[in-house]
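# Coordinates in review
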Amino acid sequence: MQLKRCSMAHNCLQCIKYLMFVFNLLFWLGGCGILGVGIWLAVTQGNFATLSSSFPSLSAANLLIVTGTFVMIIGFVGCIGAIKENKCLLLSFFIMLLIIFLLELTVVILFFVYTDKIDKYAQRDLKKGLHLYGTDGNIGLTNAWSIIQTDFRCCGVSNYTDWFEVYNTTRVPDSCCLEFSENCGLHSPGTWWKAPCYETVKIWLQENLLAVGIFGLCTAMVQILGLTFAMTMYCQVVKADTYCA
């Protein structure tokens, strides 16, 4: 009877072991892909940075590099833990993934609870960042604003007049112009985009909320699947050690 239990536990363990290995291998490869895109952005689009003056390092490239690195580390720990049937590594993988999942859940909850405060802070921070536009050492922020205003056909944070405080005169960047030309930002307001960039981007995000929601749901499902695999295999390793001791 003991031998039969040992055999069943071993078979279950082998099945879960290879499933978890494949899952974590894909997880690790995904991290490699994210890291690669982040490095590519940093190299090819190095001048494109964040719009925030408070968080100058919070660029798309840096976020992808950090995310990719974490995913690679977690995937690597999961792969080694699965193939070696190591309880310590499996538990470490489970704890790391659980912490990340709980942090993401906390951030989402806080975002919805404090939406109004986040809105006000973001607009205030973006307006503060406008004063760095075109200054030495802030080419990234300058390029970012130029791209946003050109692509979204908007001007300023909450109004095109936000730029008047920056230039201390009735002027906007050339990227605000309906038809781009050198020094077109010095012309009359009738030749500029009137839509506020903050609201325009916010509306665009709301229109694409379904895609964002699906992405978030898929991410959560992958993490829950990883947690399930890790804990199931951990339990199977404990059973195998118990029955086959």
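Residues numbered from 1 in each chain as written. Predicted model: local features only at pLDDT ≥ 70, side-chain atom pairs only at ≥ 80, totals over all residues. Heavy atoms only, no water.

## Structural notes on the overall build of the chain
Scanning the chain from N- to C-terminus turns up eight helices and zero strands. Taking all 245 residues of the chain together, the buried fraction comes to 31%. In the chain, 67% of the contacts between residues at least 6 apart in sequence involve partners at least 24 apart. Carbon together with sulfur atoms contributes 69% to the accessible area of the chain, which is approximately 14,800 Å² in total. (Helix = DSSP H or I, 4+ residues; strand = E, 2+ residues; numbered from the N terminus. Buried < 20%, exposed > 50% of the residue type's maximum accessible area, 1.4 Å probe, protein only. Contact = heavy atoms within 4.5 Å. Areas by Shrake-Rupley, 256 points an atom, 1.4 Å probe, with all protein chains shown as cover.)

## Comments concerning the packing of aromatic side chains
Per the stated rule, a full pass over the model turns up ten aromatic pairs. Seen in terms of ring centroids, Phe-23 and Phe-229 are 5.6 Å apart; in terms of plane orientation they differ by 50°. Their pairing is tilted. Pair noted here: Phe-23 is in helix α1 (residues 2–44) and Phe-229 is in helix α8 (residues 209–243), with a separation of 206 residues, a long-range link. Its relative accessible area of 12% is what places Phe-23 among the buried residues. For Phe-229, a relative accessible area of 18% puts it in the buried group. Centre to centre, the rings of Phe-164 and Trp-192 are 6.2 Å apart; their planes meet at 70°, and the pair counts as edge-to-face. With a gap of 28 residues between them, Phe-164 in helix α6 (residues 162–167) and Trp-192 in the loop between α6 and α7 (197–207) connect regions that are remote in the sequence. Residue class for Trp-192 comes out buried when judged on its relative accessible area of 1%. (Phe/Tyr/Trp six-rings, centres within 6.5 Å; stacked < 30°, edge-to-face > 60°.)

## As for helix α2 (residues 60–84)
Look at α2: 36 Å from first C-alpha to last across 25 residues, which is about the 36 Å you get at 1.5 Å a residue. Looking at α2, one finds that the buried residues are Ala-61, Gly-68, Val-71, Met-72, Ile-74, Gly-75, Val-77, Gly-78, Cys-79, Gly-81 and Ala-82. At the exit of α2 stands Glu-85, carrying a positive phi of roughly 55°. (Expected span 1.5 Å × (residues − 1).)

## A look at the nonpolar core
In this structure, Leu-130, Trp-145, Cys-155, Val-157, Trp-163 and Val-172 are the most contacted members of the largest nonpolar core, which totals 20 residues. Elements with a contribution of two residues or more to this core: α4 (115–130), α5 (139–152), α6 and α7. Each residue touching Val-172, except ones within four places of it in the same chain, is listed here: Cys-155, Tyr-160, Trp-163, Phe-164, Tyr-167, Gly-185 and Trp-192. If you look at the next biggest cluster of nonpolar residues, it comprises 17 residues, including Met-20, Ile-74, Phe-93 and Met-233. (Core = buried A, V, L, I, M, F, W, Y, C linked by side-chain atoms within 4.5 Å.)

## Description of a nonpolar patch on the surface
Taken together, the side chains of Leu-98, Leu-102, Leu-105, Val-108, Ile-109, Leu-110, Phe-111, Phe-112, Val-113, Tyr-114 and Ile-118 present a nonpolar region at the surface, about 990 Å² in accessible area. Element by element, the count of residues in the nonpolar patch is highest for helix α3 (residues 87–113), at nine residues. By the secondary structure assignment, Tyr-114 is in the loop between α3 and α4. Note on Tyr-114: relative accessible area 40%, which makes it partly exposed. (Patch = residues over 30% accessible without salt bridge, like charges linked within 9 Å, V, L, I, M, F, W, Y side chains within 5 Å. Salt bridge = Lys/Arg side-chain N within 4 Å of Asp/Glu carboxyl O.)

## Quick look at the side chain of Asp-162
Position of Asp-162 relative to the elements: it lies in helix α6. Lys-127 provides the closest opposite charge to the buried, salt-bridge-free Asp-162, at an N-O distance of 4.2 Å. Residues in contact with Asp-162, not counting those within four places in the same chain, are Lys-127, Leu-130, Gly-156 and Val-157. (Lys, Arg positive; Asp, Glu negative; His and termini not counted.)

## Considerations on the pattern of salt bridges
This model, assessed by the stated rule, comprises two salt bridges. Measuring nitrogen to oxygen at the nearest pair gives 3.3 Å for the salt bridge that ties Lys-17 to Glu-85. With Lys-17 in helix α1 and Glu-85 in the loop between α2 and α3, this residue pair connects regions lying 68 residues apart in the sequence. Taking the relative accessible area as the measure of exposure, Glu-85 reaches 25% and is therefore partly exposed. Close ionic contact of Lys-202 with Asp-119 constitutes a salt bridge, the shortest N to O distance being 2.7 Å. Of the two residues, Lys-202 is situated in helix α7 and Asp-119 in helix α4; the sequence distance between them amounts to 83 residues.

## Side note on the packing of α5 against α7
At a minimum axis distance of 11 Å, the contact between α5 and α7 shows a crossing angle of 65°. One way to sum up the angle between α5 and α7 is to call them roughly perpendicular. Regarding α5 and α7, the two cross each other, and that crossing is left-handed. Residue-level contacts link Trp-145, Ile-148, Gln-149 and Phe-152 of α5 to Cys-197, Thr-200, Val-201 and Trp-204 of α7. By residue class, the composition of the contact of α5 with α7 is six nonpolar, two polar and no charged. (Axes fitted to C-alpha atoms, helices over the stretch in contact; angles between N-to-C directions. Parallel < 35°, antiparallel > 145°, perpendicular 65-115°, else oblique. Left-handed = near helix turned anticlockwise from the far one by under 90°. Nonpolar A, V, L, I, M, F, W, Y, C, P; charged D, E, K, R; others polar.)

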